[in-house]
Amino acid sequence: MKVCVLGGDGYCGWATALYLSRRGHQVAIADNFARRLWDHELGVQTLTPVRPMPERLRAWRRIGGENIEFMAGDVTDYEFMSSVIRSFSPDAVVHFAEQRAAPYSMIDRKHAVFTQVNNVVGTLNLLFALREFRPDCHLVKLGTMGEYGTPNIDIEEGYIAIEHNGRKDVLPFPKQPGSFYHLSKVHDSHNIMFACKIWGLRATDLNQGVVYGTMTEEVALDDALINRFDYDEIFGTVLNRFCAQAAVGHPLTVYGRGGQTRGYLDIRDTVRCVELACLKPARAGECRVFNQFTEQFSVLELAHMVQAAGRNLNLHVEIDHLPDPRVEAEEHYYNARHSKLVEMGLKPHLLSESLLDSLLNIAIRYQDRIDRSLFMPRVNWRNARNDRQPKGMPHAAGSPYEYEAPLEASVVPAKGNGSFKQGG
Ligand code: NAD
Ligand code: USQ
């Protein structure tokens, strides 16, 4: 199957591209390296030394991987987006190419606007490109469990059967997102649902929970294939952050009481779920929704698990309760259905002591790269403006719009100018 991975330089996208390639699919990646730029903007870096894309792809070829085509460009540029669909003619497009950090979207107005424009326009462009050039192609879109919020009822997979004033219908599950980023995903979901209805496109919206881990079988094959491991307050997700904190003896930063419960999954399950969705495409006109996570935990439960795993490695791990910088319920009901991917064949990697052990060991291995000043939250949801400028950076660099030169200029072709192929 020909699969195009949009956002394939990122955390989930890179692991997915390698997994699909190794499973015999013909893979192309498109990415504009925006994420590397945002790290630069905020003065943060992944714990792991992620290599530039040309080096990543050379390493993949060196160890015998099939050629992965790479197309550099911005999915919000329609010329670029449509050229990707036309030139590669994919059977499935997996869309990861969005600004995905809730705290980033809550820094200030510019970052909220940027997040929504980047995400909503990119997805709209993709929908139009599919309609124009490849209407039968299956769109596999990464949504988020955070679209639902934390309602006081069970969360269904996308749709809920409702009886109201004696009449029945099956309707989209109510959405109560908790950040401007999460809202962008809701807007995407509505646009995708609408496009399937009016144009007969086929789509799967994968409402993914919080991802942890960094290793997959493919990533582990060579040091140059190493994946991201974000631990900073903006892009680091909670379990990865806790492991990095534990590795350097920083107290775990539990926000508030720590009763916030979410769905979680191992990155090895992310890649498998995407493949399962691709292998059994939605029908023409169908917009189906899968809740993509394997277990639910509260933040405090995770902290206690990391504390216990740390003890086995002779790490003394303390837990701190910080005032919650987010506006979210700290104790609430949470019960989300997540059976569809399991019915399709997912065999979950549950969060075990051995996984925590290996995550902690990765964090210990790269501890010299940890900047402890990046642990404490500095973006407060209650403020319309948060100062997140790294020390020494001029204030004018507050928005990605104000950057002109892409970091990886050497591999970015002229705007909308199609692709370069990665040679063997
Ligand atoms: P990431 O930031 O590591 O990767 C996203 C990639 O998309 C980056 O390489 C970035 O450069 C690229 N990108 C962003 N905007 C682009 C644009 N306009 N044009 C081209 N490329 C662009 O993020 P991730 O953690 O891999 O997340 C991928 C997707 O999965 C996101 O849509 C996110 O919302 C969703 N998701 C992630 C998690 C998680 O825990 N990481 C959980 C649920 C859902
Ligand atoms: N949290 C802490 N301490 C920390 C970091 C986070 O207590 O140091 C808490 C948060 O307040 C929140 C929970 O942990 O209640 C999860 O936070 P997170 O930063 O790990 O995840 P989140 O902001 O929800 O975003 C991540 C991804 C996003 C994806 C989402 C899935 O960055 O792309 O959409 O997970 S979900 O949470 O299901 O919406």
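Report follows, based on the coordinates. Nothing here was measured: the structure is a model prediction, and the numbers come from that model.

### Concerning the sheet that holds strand β13 (residues 295–298)
In spatial order, the strands read β9-β11-β13; together these 3 strands make up an open sheet with mixed pairing. Only two strands of the sheet have a single neighbouring strand rather than two, namely β9 (210–212) and β13. Direction aside, neighbouring strands of the sheet carry axes that sit 45° apart on average. Of the pairings in the sheet, the one linking strand β11 (residues 261–266) to β13 comprises 4 bridges and is antiparallel in character. Residue pairing across strands places G263 opposite Q296, the latter belonging to β13.

### Brief notes about the site of ligand 1
Taken together, 30 residues surround ligand 1, and among them C12, D31, N118, Y181 and K185 come closest. A distance of 3.1 Å separates an oxygen atom of ligand 1 from a polar atom in the backbone of G10. Here an oxygen atom of ligand 1 and a side-chain polar atom of R100 are 2.8 Å apart. Coverage of ligand 1 by the protein chains reaches 98% of its 830 Å² of free accessible surface. With 3 residues, helix α2 (residues 34–42) is the single largest residue contributor to the shell around ligand 1. Residues belonging to the shell around ligand 1 are distributed by class as follows: 12 nonpolar, 10 polar and 8 charged.

### What about helix α12 (residues 353–365)?
With 13 residues, α12 ought to run about 18 Å at 1.5 Å a step, and its terminal C-alpha atoms sit 18 Å apart, in line with that. Looking at α12, one finds that the buried residues are L355, L356, L359, L360, I362 and A363. Down the axis of α12, the buried side of the element spans an arc of 155°, and every buried residue falls inside it. Within α12, the exposed residues directed more than 90 degrees away from the buried face are E353, S354 and R365. Where α12 is buried, its residues meet β9, α8 (238–247), β11, α9 (267–279) and α10 (299–312).

### Points about the pairing of strand β1 (residues 2–6)
Summarising burial for β1: 4 of the 5 residues are buried, a large majority. In this sheet, strand β2 (residues 26–31) lies alongside β1 in parallel orientation, the contact comprising 5 bridges. For L6, the partnering residue across the bridge sits in β2 and is A30. In this sheet, strand β4 (residues 92–95) lies alongside β1 in parallel orientation, the contact comprising 4 bridges. Note on β4: the bridge partner recorded for V3 is A92.

Cut-offs used in this document
The residue count restarts for each chain, going from 1 along the sequence in the order it is written. For this description, chains carry letters from A and ligands carry numbers from 1, given in the order in which they are written. pLDDT decides what is reported in this predicted model: residues at 70 or higher carry local features, side-chain atom pairs at 80 or more are listed and counted, and totals for whole chains, interfaces and linings draw on all residues regardless. Values shown for side chains rest on all heavy atoms present in the structure; no hydrogens or waters enter the calculation. Here a strand pair is declared whenever DSSP counts at least two bridges between the two strands. By the criteria applied, helices consist of DSSP H or I runs no shorter than four residues and strands consist of E runs no shorter than two, each listed in order from the N terminus. Angles here are taken between N-to-C directions and fall from 0 to 180 degrees, while the axes themselves are lines fitted to C-alpha atoms, restricted in helices to the stretch in contact. Note on terminology: near, applied to a residue and a molecule or strand, indicates that one of the residue's heavy atoms is within 4 Å of it. As used in this structure description, the phrase polar contact means that two N or O atoms lie within 3.5 Å; if the pair is within protein, one of them must be able to donate a hydrogen and the other to accept it, and residues adjacent in sequence are counted only when both atoms belong to side chains. Accessible areas in this description were obtained via Shrake-Rupley with a 1.4 Å probe; residue shielding takes into account the shown protein chains only. Each residue is assigned to one of three groups, with Ala, Val, Leu, Ile, Met, Phe, Trp, Tyr, Cys and Pro labelled nonpolar, Asp, Glu, Lys and Arg labelled charged, and all others, Gly among them, labelled polar. Helix span is expected to be 1.5 Å times the residue number reduced by one. Categorising residues by exposure relies on relative accessible area from a 1.4 Å probe, with only protein chains included: less than 20% of the type maximum marks a residue as buried, more than 50% marks it as exposed, and the intermediate range marks it as partly exposed. The directions from the helix axis to the C-beta atoms form the arc being described. Contact criterion: two residues are considered in contact whenever any of their non-hydrogen atoms come within 4.5 Å of each other.

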